[in-house]
Every structure is written in structure tokens, then in C-alpha cells.
Amino acid sequence: MGHLITVATCSLNQWALDFKGNLARTLESIRIAKERGATLRIGPELEITGYGCADHFLEGDTYLHSWEVLGQILTSKEAEGMLLDVGMPVMHKNVKYNCRIIIQDNKILLIRPKMFMANDGNYRELRWFTPWAKHRATEEYYLPRMIQKITGQVTVPIGDAVISTHDTCIGVEMCEELFTPNSPHIALSLDGVEIITNSSGSHHELRKLHTRIELIKEATLKSGGIYLYANQQGCDGDRLYYDGCALIVVNGEVVAQGSQFSIGDVEVVSATIDLEDIRSFRSACSRGIQAASSPSYRRIQANMALSDGRLEDNPAIRPTVVKPVFYHTPEEEISLGPACWLWDYLRRSKTSGFFLPLSGGIDSCATATIVASMCRLVVKSCAKGDKQTIADARHVTGESAETGYIPTDPQEFASRIFHTCYMGTKNSSNDTRARAKELAESIGSYHVDLNMDTVVAALQALFTLVTGKEPAFRAHGGSNVENLALQNIQARLRMVIAYIFAQLLPWVRGRPGSLLVLGSANVDECLRGYFTKYDCSSADINPIGGISKSDLRRFIAYAQLAFGMPILESFLDATPTAELEPITENYVQADEVDMGMTYDELTEFGRLRKVYKCGPYSMFTKLVHLWSDKLTVAEIAVKVKRFFFYYSINRHKMTTLTPAYHAESYSPDDNRFDLRPFLYNASWSWQFEKIDRTVQVLEKEQAGGKQ
């Protein structure tokens, strides 16, 4: 007979500083794990506080309330008879640590601080926490008096140690530690640790999940063992969406996988595993030689066994079988991640819905389609009887529980919470107006169609009255300065109109509350600065601000079939245009012509600038090789210099960028992810001159080679 154990991990939709809600979700996950027969349960990183508390981690109150919540977990019925791994911040000797608290039956066995911090990209953990530097060492931690009364303990070990039960050994590896070259799981495995827990706060990024899963599989593929991965899931108060996907991996193979995207608050993943499979997997001679000389960890004794005799004595119970890993396509990721993020933001902001300016172009179309996807997810969750989703849907729509309202149709639900508006001028086309109207009808939004020429004319008249000057469009003989100013008047007025309609449309419809204004500038336009500061890009939140134009087009093509929305095809066929200049027989405004570069080229520039850390010269030298089949070196140089010129003169726009869903590795978000100056020497004289000299050398060499 083997040694069968049932273990559980989870994804929780925690919310920064929502101690009451976080406690309820944590206890619910413990209850479900216990109900499934699990004797070990782990939760996400910093689950008691929520991961995204940011500078609130510097406040003493955050630590006080964390201990209060832990006290309630320690005394709960749910926690009895289980080994629990719970996350919270801890202050030790006046130093703040990001910790795991290992508890068993009203006792704290170990406080394990994080040893390697995530401190790049979206992460700033070193701003709030100090890494534990004493590897394989522990100290005594003096518990708060409120916890002493519960556990009867005065001190407990804090540091880098492992837990020994009667039948196995458990070690901790936290989030970023997995991604380091010398991850703790290597030394833990060599010292006989059979179960490794990883509690994470890992966010969604397009096409990123496979990297995480491959690292988790690799952690036990060579060393053997059980790897439990827990993650936060949802929006806990900022631009990130934590994408769940709790995992249980045995000897390099996945036996249980949770959802990556969900509007549910609690998801528990469990598996039954034979410990003997770990021991037989580790029988290689070379591993034994390395393990025999491996330094030892302090072992903290837990007076329990994870294996349950009832499992071993029941022949009908079998270990959980290996399953193939499931990945969403990028198009599915776009349809699900931002939709879940929007729902979390909507229900937690206590507003009544969304307002979106619909231009008839593909960007606002993509934002609207993501809202449609959100409505579909809400209806599906309600159909499954999710009480929290039903309660949230009633609150958002202003319905009381007594009405018994439950969303059953995505279009009907959209008609209550989604408001769209086409703001036309004499520069707008009939095509964009018609597309916006048909899209609104397809989704079910409450749609307003208006002309704002009188408002534009009033502002122009005011300027002329004050200055005595009357600006004109370029098509009417005006200068570039006049032409741009007249475009910006229209763009900025749309922002003002959006906010008054967002505040008053619920009142017009006899409903309470106000609406969140949605933005729809994509990541490439933000990078290039191809939008008007304080236009419709200025909104409350933006679900597509981290997504490229190319990916949005692929998403719309996917949604056309997946959501049964034929109208989306017309958006794919349309030329992207701002429609801010007069349309003449010889001129129709087009985005890529205006920018002097294509959206695909912008994506390439963005990745080279951010991911590959290229300045102008190194970007040019890379593109000489990548684009040599379609452009001359001189043409490549012109494009690179044009990109950096417009990027630098428009960088100031990033400081006021609407908070956007983070989805791309090359996002120019100035808030935390992409920290740069916003006043540049836009001439880039030294860099551009070096590019020009290199062009001359390359052209000379090419000319010589042709002779």
C-alpha cells in the first residue's frame, strides 16, 4: 500500500486592505479544502492583506490588522485538523518581511520570510519589505500578546526552515524565488523535502503563462516532489489582473490546474497523491550523491500525518491522474482577462455601469466587445448559482434581493449597465456612425447618437472673439498649428461630454449612481503619443491600454465568431482614422499615414525599446538585420529616428495616462512599469548622428559589394 495524501491549493480574489472580505474568502477556501479531505492547504501571497497594498505596507495598522485576522483563522473551526500555509506581512526587530505563516491546530509552527524579492517591472517589493538574508537559519519571534493568548506560545521560529510531519517534509518557496537562477526548491529537494509550496502574487501578461508553468514543472522534473502553486486571482485595486491558475505538479507533471480567468472569488484545486511516487522518482544515484552532501535545514515538528489511513484502506481511491496543461489563445486571453478586471472594478467601485464613447473604429469597438464578454461571464456565473455574482449584479443594476433579479441574457444585462455614445461632427463619416449604432445594438448597450458641431463652433467663436483670429484647417488653407489645434478642440470636448453623460445618464433613466468612463487608446498609440492629451483617452479606466493594435484586430476576428457578432467584420475592414479633419475628394485622414509608421512597426519599436532595452542606435542596428528584406538602411534609419522623436516629445502624455489593464511587456505606463523622463532632448543629436554615420558606412559597403 502507498502513502496517499490529499493536498489543496487555491486562487483567491483578494482585495487590498479588505481584511473582512479577505478573511471570509480565506476561510471559505480552507472549508472547501477540508471538505475534499485535504490535510494541507496553501493560499496566495499576502492573502490576509491583499497583495496590492503598496505603501500601506509601511503602516503599522496593516501589521496590526493582519495579526487580528490571523487570530480569527487560528480559532476557526475550519482550521482544525489541518496544516495551513497563510500569507501576511510581519515585522521582526523593526524590519518588515513578506511572510508565510505555517499553522496547525491553533499553533504557529513557523514564520517563513521571503528571501528574494520581485523588484522590477510592475513590482516594488524592496520598497516595502526586506529579504530574509540568513539562509537555513532561524531566530525566535515574539508573538503579539493577542496571539499568545490564543496559541499559548510566547515565541515561534522565524526564518528559513522546513516542516516535518510524521510521514513527510514540507518546504516553502515564494513567488519570485521560483524565477531566480538558484531557486530554493533545489536545496529543499536535496535535503529530503517532498512537498514544496509556492504562494504567489503573479499578474497576467499576454503569452506569459507557459513560462510560469514550465518553471513549476521544471522544479520537480529533475528533483522530484510535489509542487503546490497558489496565486491571487482578480483586480485587487490597481492596473494588474492576477491570473490564478493554481497548480499541483508531481514529478514534473501536472495533476491539477485551476482556471486562469474567473469572476468567482474562491477556487480550490486539490489532488490525491502517493508519497511513494516521490521516493521512487528520487532513486537516481547521481541525486543521492548530491543529496548526501547537501546542507540541512532546521526541521520544525508538526504533530500530525498528512496521510490518512482511510485513503490507504479504501481500494477505490486512486491517485489523481496526470492531465495535459490547458492554455488559452491570446485572443481568448484578451476576451477574458480585461473582462474579469472590469467586473472587479465595477462591483468594487459601487458604480452603476460603464460609459464608452464609440467612434466607429476598432479600438472603441474592442473595448465595447470586452464589456460584452464581461456580461457573458456574469450571466454564466449567475447560471451556476454563484451567490456573490448574483448579489453584485443586483447591486450594480440597483435591484434589491426582493425583486429576485438574476441576469440571464447578456444583452439584457448590458442594456442596464453599459452606455455608449457616438459624438459626431461634420468631419465624421456616415460609415463610422452606422458601425457604432449597429455595434451598440448587437451588444445591447443604451446608445446615444449626437452631433457636437454647435459645441465645437461655440468654442471656436469664443477664441475668435477674444483674439480676433480665426484658425482654419489645413484643407482650408490653415497652417499645421491651426490644423492640430482645431483637431484637439473636438477631441477634448468629447472627454468633457463623456463625463457629463456618465454622471447624468443614470439620472435620465431614473436609476441611482453614476458611470465609469472607459478609455480605448491601445498600447501602440500610447507609446507613440498618437492621441490628444485630455481627450477620450482620458477616462476612469482603460481595458485595452496594454494591448497592441495587431492583437486587438485578432481579438475582434475571434470575437466575431465566438460571440456571434457579424458586425465586427466591418470594423476589421475599415481604415483606422481619427476623423478630426475635413474629408475632401483628395484626402481622408488615416492613422498610419499621420504617424509615419505602421502599427506593426510600432509594436516592434516598443518591444525593442522596453524588453530588449534598446536606445536609438542599438534599435537601428538590430532592425538593419530584421528589416533588410523590405527596407533600405536609410529608410530604417528614418523610421527609427521618427519613432524616437515622437516618442520623446509625447512622453509627457504618459504622466496623465488613464489607468489601463496591464497586458504587454512593452507597456509605456509611467505609473510604475516604465519609468522614464518626460522632458527629453528630442533632437537626440549624438545618437542620431551616430546612426547617420553608420548608414553612410553601410551604404558604401553595399555599393562596393555590387561592383
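Before any of the text, the structure's been laid out above.
Because the structure is a prediction, the values reported are computed rather than measured.

A.B. asks: Outline the state of the cysteines, supporting the account with residue identities and numerical values.
C.D. replies: This model, assessed by the stated rule, comprises zero disulfides. Residue Cys169 stays outside any disulfide, its sulfur separated by 19 Å from that of Cys99, the closest cysteine. Assessed through its relative accessible area of 4%, Cys169 is described here as buried. Cysteine Cys375 is unpaired, with the sulfur of Cys382 as its nearest cysteine sulfur at 11 Å.

A.B. asks: Would you mind going over the pattern of salt bridges in detail, with residue names and values included?
C.D. replies: Across all of its chains, the model carries 36 salt bridges by this definition. Between Lys134 and Glu139 there is a salt bridge, with its nearest N and O atoms 2.2 Å apart. Here the salt bridges share partners, and the residues they tie into one network are Arg609, Lys610, Arg651, Asp670, Asp674 and Arg676.

A.B. asks: So what about unusual backbone geometry? Which residues, and what values?
C.D. replies: Residues other than glycine seldom take positive phi values, yet Cys175 does so here, at roughly 40°. The backbone of Lys613 shows a phi angle near 55°, a positive value even though the residue is not glycine. Relative to the elements of secondary structure, Lys613 occurs in the loop between helix 22 (599–610) and helix 23 (616–626). Given a relative accessible area of 68%, Lys613 falls into the exposed group.

A.B. asks: Give a description of the pairing of strand 5 (residues 107–113) that names residues and reports values.
C.D. replies: Two faces belong to every sheet, and in a regular strand the side chains alternate between them. Among the seven residues in strand 5, six count as buried, and that is most of the element. Relative to strand 5, strand 4 (residues 95–104) runs antiparallel, the two sharing six bridges. Considered in strand 5, the bridge of Ile102 is made with Leu110. From the end of strand 4 to the start of strand 5, which pair antiparallel, there are two residues, and Asp105 there has a positive phi angle of about 45°.

A.B. asks: Could you give me a rundown of the sheet that holds strand 20 (residues 516–517), with the residues and numbers involved?
C.D. replies: Strand order in the open sheet formed by four strands is 19-18-17-20, with parallel pairing between adjacent strands. Each edge of the open sheet is held by one strand with a lone partner, namely strand 19 (446–451) and strand 20. Here four bridges tie strand 17 (residues 354–357) to strand 18 (residues 418–424), and the two strands are oriented parallel to one another. The residue bridging Pro357 from the neighbouring strand is Cys421, located in strand 18.

A.B. asks: Provide a residue-level description of the environment of Gly234, including the pertinent values.
C.D. replies: Mapped onto the fold, Gly234 is located in strand 11 (residues 226–234). Given a relative accessible area of 0%, Gly234 falls into the buried group. Leave out the neighbours within four places in its chain, and Gly234 touches Asn13, Leu240, Tyr241, Tyr242 and Asp344.

A.B. asks: Tell me about the nonpolar core, and name the residues and values.
C.D. replies: Leu342, Trp343, Phe354, Met374, Phe418 and Leu439 are the most contacted members of the largest nonpolar core, which totals 58 residues. Non-local contacts of Phe418, meaning those with residues more than four positions away in its chain, are made with Phe354, Leu356, Ala368, Val371, Ile443, Ser445, Tyr446 and Leu518. Counting 36 residues, the second-largest nonpolar core is a separate cluster that includes Ile30, Met88, Ile111 and Leu143.

A.B. asks: Lay out helix 23 in plain terms, naming residues and giving numbers.
C.D. replies: Every buried residue of helix 23 is accounted for by Pro616, Met619, Phe620, Leu623 and Val624. Projected onto a plane normal to the axis of helix 23, the buried residues spread over an arc of 140° and lie on a single side.

A.B. asks: Describe the packing of aromatic side chains, and please don't skip the residues or the numbers.
C.D. replies: By the definition in use, this model includes 23 aromatic pairs. Taken together through their ring pairs, the aromatic side chains of Phe605, Trp627, Phe643, Phe644, Tyr647, Tyr680, Trp684 and Phe688 make up a single cluster. In this structure, Lys610 is placed above the aromatic ring of Phe673, and the distance from its NZ or CZ to the ring centre is 4.5 Å. Its end group placed over the ring of Phe531, Lys653 keeps NZ or CZ at 5.2 Å from the ring centre.

A.B. asks: Mind laying out helix 22, listing which residues take part and the relevant values?
C.D. replies: For helix 22, which comprises twelve residues, the first-to-last C-alpha distance of 16 Å matches the rise-based estimate of 16 Å (1.5 Å per residue) to within 8%. In terms of burial, helix 22 is largely enclosed, as nine of its twelve residues are buried. In this structure, the buried side of helix 22 is in contact with helix 18 (523–528), helix 19 (549–562), helix 21 (591–595), helix 23 and helix 24 (633–649).

A.B. asks: Talk me through the pairing of strand 11; I want residue IDs and the actual numbers.
C.D. replies: Burial analysis of strand 11 places nine of its nine residues in the buried class, the great majority of the element. Two strands pair when backbone bridges link them, and strand 1 (residues 4–12) and strand 11 are joined in this way by two bridges, in the parallel orientation. Counterpart to Leu12 in the pairing with strand 11 is Gln232. Examined bridge by bridge, strand 10 (residues 195–200) and strand 11 share six bridges and lie parallel to one another. Bridge pairing links Thr197 to Leu228 in strand 11. On the question of chirality, the crossover connecting strand 10 to the parallel strand 11 by way of helix 7 (residues 209–221) is right-handed. Pairing analysis gives four bridges linking strand 11 to strand 13 (residues 247–250), with the strands arranged antiparallel. Its bridge partner being in strand 13, Leu228 is matched across the sheet by Ile248. The pairing of strand 11 with strand 12 (residues 242–243) spans two bridges and is classified as antiparallel. Across the sheet, residue Gly234 finds its bridge partner in strand 12, namely Tyr242.

A.B. asks: Lay out the packing of helix 14 (residues 410–417) against helix 15 (residues 430–443) with the relevant residues and their values.
C.D. replies: At their nearest, the axes of helix 14 and helix 15 sit 8 Å apart, and the two run at 115° to each other. Contact residues: helix 14 offers Pro410, Gln411 and Ala414, while helix 15 offers Glu441, Ser442 and Ile443. By residue class, the composition of the contact of helix 14 with helix 15 is three nonpolar, two polar and one charged.

A.B. asks: Could you give an account of the side chain of Asp238, with specific residues and numbers?
C.D. replies: Positionally, Asp238 belongs in the loop between strand 11 and strand 12. Here Leu240 takes part through its backbone nitrogen, which lies 3.0 Å from a polar atom of the side chain of Asp238.

A.B. asks: Can you lay out the packing of helix 11 (residues 330–349) against helix 13 (residues 387–397) for me, pointing to particular residues and giving the numbers?
C.D. replies: Remark: helix 11 packs on helix 13, axes separated minimally by 9 Å, with the N-to-C direction vectors making an angle of 60°. The two elements helix 11 and helix 13 cross, and the hand of that crossing is left-handed. Facing helix 11, whose interface residues are Trp343, Leu346 and Arg347, helix 13 presents Gln388, Thr389, Asp392, Ala393 and Val396. A class-by-class count of the residues in the contact of helix 11 with helix 13 yields four nonpolar, two polar and two charged.

The rules behind each value
- Once a new chain begins, its residue numbering starts again from 1 and follows that chain's sequence as written.
- Reporting in this predicted model follows two pLDDT cut-offs: at least 70 for local features of residues, and 80 or more for side-chain atom pairs to be given and counted; totals over whole chains, interfaces and linings ignore these cut-offs and use all residues.
- Computation of side-chain values covers all heavy atoms of the structure but excludes hydrogens and water.
- Disulfides are defined in this document as cysteine sulfur pairs within 2.5 Å.
- Think of it in three bands: residues with accessible area under 20% of the maximum for their type are buried, residues over 50% are exposed, and the middle band is partly exposed, with areas taken using a 1.4 Å probe on protein chains only.
- Each salt bridge in this description consists of a side-chain nitrogen of Lys or Arg and a carboxyl oxygen of Asp or Glu lying within 4 Å of one another.
- In this description a helix means any DSSP run of H or I spanning at least four residues, a strand means any run of E spanning at least two, and both kinds are numbered starting from the N terminus.
- Between any two strands, pairing holds if DSSP finds at least two bridges.
- It only takes one pair of heavy atoms within 4.5 Å for two residues to be counted as in contact.
- Nine residue types can take part in a nonpolar core, namely buried Ala, Val, Leu, Ile, Met, Phe, Trp, Tyr and Cys, and a core is a set of them joined through side-chain atoms within 4.5 Å.
- Note that the arc is defined by the directions from the helix axis to the C-beta atoms.
- Whether two aromatic rings pair depends on their centres lying within 6.5 Å, for rings of Phe, Tyr and Trp, where Trp uses its six-membered ring; planes under 30 degrees apart make the pair stacked, over 60 edge-to-face, and the rest tilted.
- The rule is short: NZ of Lys or CZ of Arg within 6 Å of the ring centre and within 35 degrees of the ring normal puts a charge over the ring.
- An expected span of 1.5 Å times one less than the residue number is assigned to each helix.
- Crossover handedness is defined here as right-handed if the route from the first strand over the helix to the second strand goes clockwise, with the strands pointing away from the viewer.
- In this analysis an axis means a line fitted to C-alpha atoms, helices contributing only their contacting stretch, and an angle means the value between N-to-C directions, from 0 to 180 degrees.
- For this classification, the nonpolar set comprises Ala, Val, Leu, Ile, Met, Phe, Trp, Tyr, Cys and Pro, the charged set comprises Asp, Glu, Lys and Arg, and every other residue, Gly included, is treated as polar.
- Any pair of nitrogen or oxygen atoms within 3.5 Å is treated as a polar contact; in protein, a donor-acceptor pairing is required on top of that, and neighbouring residues in sequence qualify only through side-chain atoms on both sides.
- Crossings are sorted by hand: turned counterclockwise from the far helix by less than a right angle, the near helix makes the crossing left-handed, and turned clockwise it makes it right-handed.

Purely spatial values, then, with no claim about function.
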